[in-house]
Amino acid sequence: MAESRRDPIDRQTSPVELRRLVLSVLVRKEAYGVEIAAALSPRSPAVERSEWPEGSVYPALRWLERHGLALAQWVDVGEGAPRRRYYSLTPKGKRVAAREALSEPNPNLLLSGSAARS
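Residues numbered from 1 in each chain as written. Predicted model: local features only at pLDDT ≥ 70, side-chain atom pairs only at ≥ 80, totals over all residues. Heavy atoms only, no water.

Novice: I would appreciate a short explanation of the packing of helix H1 (residues 15-28) against helix H3 (residues 57-66) in the present structure.
Specialist: The description of two packed helices rests on the angle between their axes and on the distance between the axes. Where H1 contacts H3, the two axes come as close as 9 Å, and the packing angle between them is 75°. Regarding the angle of H1 to H3, the classification is roughly perpendicular. Where H1 approaches H3, its residues Leu 18, Arg 19, Val 22, Leu 23 and Leu 26 are matched on the opposing element by Val 57, Ala 60, Leu 61, Trp 63 and Leu 64. Partitioned by chemical class, the residues of the contact of H1 with H3 number nine nonpolar, no polar and one charged. (Axes fitted to C-alpha atoms, helices over the stretch in contact; angles between N-to-C directions. Helix = DSSP H or I, 4+ residues; strand = E, 2+ residues; numbered from the N terminus. Parallel < 35°, antiparallel > 145°, perpendicular 65-115°, else oblique. Contact = heavy atoms within 4.5 Å. Nonpolar A, V, L, I, M, F, W, Y, C, P; charged D, E, K, R; others polar.)

Novice: Is there a simple way to explain the confidence of the model for the protein chain in this structure?
Specialist: Predicted confidence across the protein chain gives a mean pLDDT of 75, with 63% of residues reaching 70 or more. The secondary-structure element of the protein chain with the lowest mean pLDDT is helix H5 (residues 109-112), recorded at 44, while strand E2 (residues 70-75) shows the highest, at 97. Every residue in residues 44-52 is under pLDDT 50, and counting partners more than four places away or in other chains gives eight contacts. The low-confidence segment residues 102-113 (pLDDT under 50) makes 22 contacts with residues lying over four places distant or belonging to another chain. (pLDDT = per-residue confidence, 0-100.)

Here's what the structure looks like:
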């Protein structure tokens, strides 16, 4: 049976899984929301908006901020261009990301708020 390829972000992705995916992008580099969503798509960054829920990344980013795992700052990217809100991991966020990468997936880690107590 052929293995089906599914987007990392779709309507079936749980909030917990989405937070893990966002963490995995932020471990590599500071990024803004659309850039994070594009990094999570198996297709090109030029993917049509109807094919992936770009806006689904923002609730995950707000959750990470509220729990002290990510910081955001507005950055002017050039004259005439709108500012972008760039996200980066805090030291606590880096610890949680490292722990997630080193262990078996724990569906309760980010859902339960235990990350906030790390």
